[in-house]
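Observations on the model geometry
The residues making up each chain are set out below.
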Amino acid sequence: MKYGVGQSVPRVEDERFLKGEGVFSNDLTRPGEAYACFVRSPHAHADIKSVATDDALALPGVLAVFTYQDLAPDSGSNLTCIAPIENRDGTMMAVPPHPVLATERVRHVGDPVAVVIGETPDAAADGADTVWVDYEALPSVTDTGTALADGSPVVWPQAPGNLAFDWDVGDAPKTEEAFANAHHVTRIQLVNNRLAPSAIEPRAAIGEYDSGAQKFTLYAGCQGRHVLRDALATAALGVQPEDLRVMTHDVGGGFGAKIFPYGEHAVVLLAARLLGRPVNWTATRNEVFLADAQARDHVTEAELALDQDGKFLAMRVSTMAGMGAYIQLFAPFIPTDAAGLHGVPYVIPAIHARVRGVYTNTVPVDAYRGAGKPEAAYVTERLVDAAAREMSIPPEVLRRRNFIQPDQMPYQTATGVEIDSGDFASLFEQGLELADRDGFAARRTASIERGMARGLGIGVYLEKTFGALGEYARMEVDPAGQVRVHLGTQSQGQGHETTFAQVVSERLGIPFEAVQLLYQDSETLPGGGGTMGSRSMVSGGTVVHRAADDLVSKGKELAATALDDQPDHIDFTDGHFHLRDTNRSVSLFDLAADPDHGFEGEGSCAEFPATFPNGVHICEVEIDPATGKISIERFSAVNDCGVVVNPMIVEGQVQGGVVQGLGQALLEHCVYDPVSGQLLTGSFMDYGLPRADMIPDIAVDQREIPTVNNDMGFKGVGEAGATGAPPALVNAVLNGLADLGVTDLDMPLWPEKIWQAIQAAKAA
Ligand code: MCN
């Protein structure tokens, strides 16, 4: 089949993007629209004494100023968390309210307090500048590592000591015993730095209200229109999900942050209802830093117990996970679900991991590419390298001694995760070969001769794709020769229009060009889980197959009528229904031409068994000891995402993810001022993103080990790069600096930090 599964089909969406014909949120306008600008808190923590709006309302072009009291329906208007968790003691965590505009108190810099609606964006902005909010500043806390300490300012009275939840997984007594009997114990402490997701396209939204139908419509680039609809409808708008339509077009990157409902979404809708006009808002880049969910922010202590041969006996982890000032949609799920993935893909008989959620006066934290898995892989791989160094065992040898083996599949980890497939040991050797591990010694010698340090680092990972949300697909056959596929997932750059067309083309035996993927409108399907957790190909592929099965079975009935025979005498191949043992057939498209009947197939699934993408990333760096500057010389990645639909797209996904992971390891960090609570890295002048000249060619290879957890054998791939790259880079730098006496560094590895560490080691 031309352009079926397994082929590197060029991305069909790229022509539109390259010609500037994409339709992003800010390209959309609605007739009669007005514009919103938010008044945001300049304080990290403060009581709101009063909000004076008269000056703003007197300005030309200002139509209205709304606070929470003006907008909120009787039922209130809040953002929800759909993943609250139970504490270790069996009580439920308290989830404080998250009003769409702050009411009596602000809890982070950027917390929205009011919205100004203007005839133009400038009028709204001028109005926002003249809304006078009288604040009484309160002491704030912005550091996750110290927020639980006695005497820290308290963010929420209902969470004494800033503890959002206290959760654990695994067997504490068994782990304790294994540590007591261990030959060697390695202990590390590390920080997983807080990140600001940085999509090219900032968030934007238009709210509209049809007073006749009493129905809202939200136009917003997002990662899943049904997720947004369901999260906003009752909690934030006080309506049923069917009374909110969400439209989304092209999306210029999401990386997690565009999954969530935000106050701005609810505010433009509620303001549109009050004003009787659509209300349009586009975030400035500064607002992206202050209002989009941030990521990671873990402070962790981890220990590994080993026997005299370097076999892993037990692992113990304790993490403080920053939640920010409010609990986001999935926030508690991110560090806890992934805590079950500590220690993979190694055999570790006893594991205990504790996670404490921590409130601070900072922007809320939620899922970001990898969503907990990069954090868990980073802990594991830093620990393994530290143990290797302490026991004088080469890091690759230590890993080889501990991999879960293929004949142990399905393998249940000590935290209860059941892994269905994978050949970690042989994939590892493939990775070492791709990285030319054998040639490293000579390259290192050459670097040292030039006065440079050189290191090679390994980042092994195993992820778990997200299976919790349901998915729907509907296929319509257009007699003009097209199959339109409505799907509940939503591309933000992953190339779904191409890859799903490949899957449908192969399944139905119709030309690739005959398939059109549609995901703009929440009303075309009852629901959908959106794009997150590397779930789209696994979940979307499953329901697309089911819809195709439904289409074929309905088609057999119709073909039987058309061919005067019985459905069970009809076979379906190559887009045609054939009457068995005859040369008579009718095509899918001809059947659909009958005006007496429509021709559709539907597929749905409530949840999906997880799949376990895995791989090894290997990074080689040269470090200038005189300046602390790192140069990434080589990067290779071998990944197993099961059956590959489009090798070129998979390679691009891995490369993009690797660059994001290297960004975290090298540069990115949200820095809050410890006294004022200001976000000091609130623009790209201060928040460092990786740049093209820092990244070498990234060599990517695949290992196709099909999962048995779905019919197609697909595992996910979208988050692989961001998971493998950080430990590979940090382990490479520590490997390179070992001779200089540096054994510990926290991300991001800014040159100054490296230089300081070298000087401190020299002085010691
Ligand atoms: N694919 C494939 N074969 C497989 C698995 C996947 O060809 N065995 C293809 C898919 O068809 C899809 C792409 O690879 O085109 C990624 O698929 P998948 O792993 O299912 O992940 P999702 O499509 O669900 O994407 C989500 C994932 C996440 S969680 C983030 S965050 C992320 C990412 O993907 N954000 C991105 N990649 C991104 N890429 C871009 N350009 N922009 C983002 O915001």
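Residues numbered from 1 in each chain as written. Predicted model: local features only at pLDDT ≥ 70, side-chain atom pairs only at ≥ 80, totals over all residues. Heavy atoms only, no water.

Observations regarding the overall build of the protein
- Helix and strand counts for the protein stand at 19 helices and 28 strands.
- Rg of the C-alpha trace for the protein: 27 Å, near the compact-globule value of 27 Å for 764 residues, within the 12% margin.
- Projected onto its principal axes, the C-alpha coordinates of the protein cover approximately 85 × 80 × 50 Å.
- When burial is assessed residue by residue, the protein has 60% of its 764 residues classed as buried.
- A sequence separation of at least 24 residues applies to 80% of the contacts in the protein between residues at least 6 apart.
- Taken as a whole, the protein presents about 28,000 Å² of accessible surface, with 50% of it coming from carbon and sulfur.
- Here the protein holds 56 positive side-chain charges and 102 negative ones, and the gap between their average locations is 4 Å. (Helix = DSSP H or I, 4+ residues; strand = E, 2+ residues; numbered from the N terminus. Rg over C-alpha atoms; globule rule 2.2 N^0.38 Å. Buried < 20%, exposed > 50% of the residue type's maximum accessible area, 1.4 Å probe, protein only. Contact = heavy atoms within 4.5 Å. Areas by Shrake-Rupley, 256 points an atom, 1.4 Å probe, with all protein chains shown as cover. Lys, Arg positive; Asp, Glu negative; His and termini not counted. Charge placed at Lys NZ, Arg CZ, Asp CG, Glu CD.)

A word on the domain arrangement of the protein
- Here the protein is partitioned into domain 1 (14–22 + 467–605), domain 2 (31–138 + 202–290), domain 3 (141–195 + 294–402) and domain 4 (403–410 + 419–464 + 612–764).
- Computed over C-alpha atoms, the centres of domain 1 and domain 4 are 39 Å apart.
- Across the contact, 14 residues belong to domain 1 and twelve residues belong to domain 4.
- Carbon and sulfur atoms make up 63% of the surface buried where domain 1 meets domain 4, a total of about 980 Å² over both sides.
- Between the two partners, domain 1 and domain 4, sit zero salt bridges.
- Across the contact surface, domain 1 and domain 4 share four residue pairs in polar contact (both at pLDDT 80 or more).
- Sorting the residues of the side of domain 1 that touches domain 4 by element identifies helix H14 (496–508) and helix H15 (536–562) as the ones contributing at least two each.
- Ranked by residues supplied to the side of domain 1 that touches domain 4, first place goes to H15 with five residues.
- Residue classes in the side of domain 1 that touches domain 4 are distributed as three nonpolar, eleven polar and no charged. (Domains from an automatic or database assignment. Buried area = accessible area lost by both parts, 1.4 Å probe. Salt bridge = Lys/Arg side-chain N within 4 Å of Asp/Glu carboxyl O. Polar contact = N/O pair within 3.5 Å; in protein donor to acceptor, adjacent residues only side chain to side chain. Nonpolar A, V, L, I, M, F, W, Y, C, P; charged D, E, K, R; others polar.)

A word on the site of the ligand
- Lining the immediate surroundings of the ligand are 30 residues, of which Gly 254, Gln 494, His 496, Ser 536 and Val 717 lie closest.
- A distance of 2.7 Å is found between an oxygen atom of the ligand and a side-chain nitrogen or oxygen belonging to Thr 499.
- Contacts to the ligand include Gln 653, whose side-chain N or O atom sits 2.7 Å from a nitrogen atom.
- Across the complex, the protein chains shield 96% of the 830 Å² of accessible surface that the ligand would expose by itself.
- At the level of elements, H14, H15 and helix H17 (647–666) are the ones that each hand at least two residues to the shell around the ligand.
- A class-by-class count of the residues in the shell around the ligand yields ten nonpolar, 16 polar and four charged. (Near = heavy atom within 4 Å.)

Points about the packing of aromatic side chains
- According to the stated counting rule, one finds 15 aromatic pairs in the structure shown.
- A ring pair is formed by Phe 38 and Trp 281, whose centres lie 5.6 Å apart and whose planes are at 85°; its orientation type is edge-to-face. One end of the pair, Phe 38, is in strand S1 (residues 34–40); the other, Trp 281, is in strand S12 (residues 279–282), with 243 residues separating them in the sequence. An identical accessibility class is assigned to Phe 38 and Trp 281; each is buried.
- Seen in terms of ring centroids, Tyr 209 and Phe 216 are 4.7 Å apart; in terms of plane orientation they differ by 55°. Their pairing is tilted.
- For Phe 216, a relative accessible area of 0% corresponds to the buried category.
- Among the aromatic residues, those joined into a ring-pair cluster are Phe 260, Tyr 262, Phe 330, Phe 333 and Phe 466.
- Taking the ring centre of Phe 179 as reference, the NZ or CZ of Arg 316 above it sits at 4.1 Å. (Phe/Tyr/Trp six-rings, centres within 6.5 Å; stacked < 30°, edge-to-face > 60°. Lys NZ or Arg CZ within 6 Å of the ring centre and 35° of its normal.)

Quick notes on the sheet that holds strand S22 (residues 570–573)
- Overall, antiparallel pairing links the three strands, which are arranged S22-S23-S24 in an open sheet. Single-partner strands in this sheet number two, and they are S22 and strand S24 (585–587). Across the sheet, the mean angle separating the axes of adjacent strands is 20° when strand polarity is ignored.
- When strand S23 (residues 576–579) meets S24, the two strands line up antiparallel, connected through three bridges. Counterpart to Phe 577 in the pairing with S24 is Val 586.
- Each of S22, S23 and S24 touches H15; the most contacted strand, S22, lies at about 130° to it. (Pairing = 2+ DSSP bridges. Axes fitted to C-alpha atoms, helices over the stretch in contact; angles between N-to-C directions.)

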